[in-house]
Amino acid sequence: MKPSHAEALGLSLRLILCYLIFCIAGTVLFSAVYMSYKLCTTLVAGQSLKAFSFALFLEGVRILLPMVLGFSSLCMAFYLTRHQTNTVLPVITMVVLSLVTWYVILPPLLSLTESKVSDRVVEKGEVLLSSGFFREQDDAVFYYSEVSSEGDARGLLYDTTPDRQAVYTFSNVTTISDSSEFTDPLIGETVAMPPLLRQVLTWYKGLLAGAYRARSGGYLTWAFYASIGIALCSVLGFCKLSSWRLLNMNAILYATVAVLVCNSLFVMGHVFDSASRTVASWFSKFPFIQNPLQVLVNLAFALFMLILGIIFRAKNKKRQKLLNQSEEEAFA
């Protein structure tokens, strides 16, 4: 076996290992973060936090495993950018792994988890607020001096409305409210997600809901929805954008974000509604395609990235050839 072939085979095997490690470690990490966040939503100031919940961890696996699998293309693209080679075998390996992920692994996985995903596993009503803390809710600040085992409290209320700003006493007021994500407003002020991260999760929920709808429509419907995976895999076209690998990685990252945001707008937004209806009328004989415009955009992006990848590869070969010639002339 030639050295270049052995190098390509070794890189392909390491890429498969990288894929497996990312899927396993990523699922464990993100599920642990999900579990910790959900446990924090039930935390009350002055009380201890439960360290581990298997039910919440399993819930995190069910919700986030599709995301980890979807982002495996980004991980593999980063790896191939970091370990560049002129052989095509590692690229073929990445393409095969991406297609297997989207067309073999994800369909049964979504069918398995769709009926089991719930919004909450731990109910906030199971925990009572503690006394001795000031808590801001709506336009008032509450101070619970005493809380009974039934959840009734007494204390002081400071009305922060500009035209009032008065202090009142209260008693026999329930401390349990389902109006907020967090049981305790004090915890919510510290742990609540930043707006940008909340928006990212909203996009992910939209894509996941679209994936469930596509999967319930049959495998053929899913096959067209999975054009997202083809677009995500095609970002490897930026692998040899320049000789600066960090620049290439940034381009791959931005392209991936663009694909995900664009598809989330197709699934849950109203930005492309008019154009989507027009294109859908052209494909009226193919009802199994949920959004033909989304599929066309994904495939057009993938084709564009393929052409760019070929151009960048040719330019990189030419640049490397000129560099080798100049080195030979320097040592001649």
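Thresholds applied
Residues numbered from 1 in each chain as written. Predicted model: local features only at pLDDT ≥ 70, side-chain atom pairs only at ≥ 80, totals over all residues. Heavy atoms only, no water. Salt bridge = Lys/Arg side-chain N within 4 Å of Asp/Glu carboxyl O. Helix = DSSP H or I, 4+ residues; strand = E, 2+ residues; numbered from the N terminus. Buried < 20%, exposed > 50% of the residue type's maximum accessible area, 1.4 Å probe, protein only. Phe/Tyr/Trp six-rings, centres within 6.5 Å; stacked < 30°, edge-to-face > 60°. Expected span 1.5 Å × (residues − 1). Bend = angle between axes of the 7 residues up to and from the residue. Core = buried A, V, L, I, M, F, W, Y, C linked by side-chain atoms within 4.5 Å. Contact = heavy atoms within 4.5 Å. Axes fitted to C-alpha atoms, helices over the stretch in contact; angles between N-to-C directions. Parallel < 35°, antiparallel > 145°, perpendicular 65-115°, else oblique. Left-handed = near helix turned anticlockwise from the far one by under 90°. Nonpolar A, V, L, I, M, F, W, Y, C, P; charged D, E, K, R; others polar. Disulfide = S-S within 2.5 Å.

Student: Sorry, what's going on with the pattern of salt bridges here?
Tutor: Opposite charge on two side chains allows them to pair when their charged atoms are near. Applying the stated criterion across every chain yields a total of 1 salt bridge. Among the ionic pairs, Glu-59 bridges to Arg-62, the shortest N-O distance being 3.8 Å. Remark: Arg-62 and Glu-59 occur in helix H2 (residues 54–70); sequence separation between them is 3 residues, near one turn of the helix. Residue Glu-59 is classed as buried on the basis of its relative accessible area, which comes to 3%.

Student: Whenever I open this one, the packing of aromatic side chains confuses me. Can you help?
Tutor: Within a pair of aromatic rings, the relevant descriptors are the distance that separates the centres and the angle that separates the planes. Scanning the entire structure with this criterion turns up 6 aromatic pairs. Centre to centre, the rings of Trp-102 and Trp-222 are 6.2 Å apart; their planes meet at 15°, and the pair counts as stacked. Placement of the pair is Trp-102 in helix H4 (residues 89–113) and Trp-222 in helix H7 (residues 219–225), with a sequence separation of 120 residues. For the pair Trp-102 and Trp-222, a shared accessibility class is recorded, and that class is buried. Look at Phe-283 and Phe-286: their rings are 6.4 Å apart centre to centre, the planes differ by 55°, and that puts the pair in the tilted class. On the basis of relative accessibility, which here comes to 40%, the residue Phe-286 falls in the partly exposed class.

Student: When you look at H2 in this model, what are you seeing that I'm missing?
Tutor: A turn of α-helix holds 3.6 residues, and therefore any two residues three or four places apart point the same way. The terminal C-alpha atoms of H2, which comprises 17 residues, lie 24 Å apart, in line with the 24 Å expected from a rise of 1.5 Å per residue. Leu-64 marks the point of greatest bend in H2, at about 45°, and the proline Pro-66 comes within the next four residues. For H2, the tally of buried residues reaches 12 of 17 residues, placing the bulk of the element in the interior. Listed in full, the buried residues belonging to H2 are Leu-56, Phe-57, Glu-59, Gly-60, Ile-63, Leu-64, Leu-65, Pro-66, Met-67, Val-68, Leu-69 and Gly-70.

Student: Explain the nonpolar core here, please?
Tutor: Burial of nonpolar side chains together is a common tendency in soluble globular proteins. Core analysis: the biggest nonpolar cluster contains 50 residues, and Leu-69, Met-94, Trp-102, Trp-222, Tyr-225 and Phe-238 have the highest contact counts within it. For this core, the element with the highest residue contribution is H4, accounting for 7 residues. Among residues more than four places away in sequence, those in contact with Trp-102 are Gly-70, Pro-107, Trp-222, Ala-226, Ile-228, Gly-229 and Leu-232.

Student: How do you make sense of the packing of helix H6 (residues 195–216) against helix H9 (residues 245–268) when you look at a structure like this?
Tutor: Each packed pair of helices is defined by two parameters, the angle between the axes and the distance between the axes. Put simply, H6 and H9 touch, their axes get as near as 9 Å, and they point 60° apart. Taken together, the axes of H6 and H9 are oblique relative to one another. For the pair H6 and H9, the crossing hand works out as left-handed. Of the residues in H9, those in contact with Thr-202, Trp-203, Gly-206, Leu-207, Gly-210 and Arg-213 of H6 are Leu-260, Val-261, Asn-263, Ser-264, Val-267 and Met-268.

Student: Please clarify how the packing of H4 against H6 should be interpreted in this entry.
Tutor: Running from amino to carboxyl end, H4 crosses H6 at an angle of 100°, the nearest separation of the two axes being 10 Å. In terms of orientation, H4 lies roughly perpendicular with respect to H6. Across the interface between the two elements, Pro-107, Pro-108, Leu-110, Ser-111 and Thr-113 from H4 touch Leu-208, Ala-211, Tyr-212 and Arg-215 from H6. Considered class by class, the residues forming the contact of H4 with H6 number 6 nonpolar, 2 polar and 1 charged.

Student: What's the story with H9 in this structure? I'm lost.
Tutor: Here H9 contains 24 residues, and its C-alpha end-to-end distance of 34 Å stays within 8% of the 34 Å for a straight helix at 1.5 Å per residue. Buried within H9 we find Asn-248, Ala-251, Ile-252, Ala-255, Thr-256, Val-259, Asn-263, Ser-264, Phe-266 and Val-267.

Student: How should I be thinking about the side chain of Asn-248 in this particular structure?
Tutor: As for its position among the elements, Asn-248 is in helix H9. Judged by relative accessible area, which is 0%, Asn-248 ranks as buried. With residues up to four places along the chain from it excluded, the contact list for Asn-248 reads Thr-81, Gln-84, Phe-238, Cys-239, Lys-240, Leu-241 and Ser-242.

Student: Mind showing me how you'd approach the state of the cysteines here?
Tutor: Two cysteines joined by a covalent bond between their sulfur atoms form a disulfide. Scanning all chains against the criterion turns up 0 disulfides. Looking at Cys-75, it has no disulfide partner, and the nearest cysteine sulfur is the one in Cys-18, 3.6 Å off. Classification of Cys-75 as buried rests on a relative accessible area of 17%.

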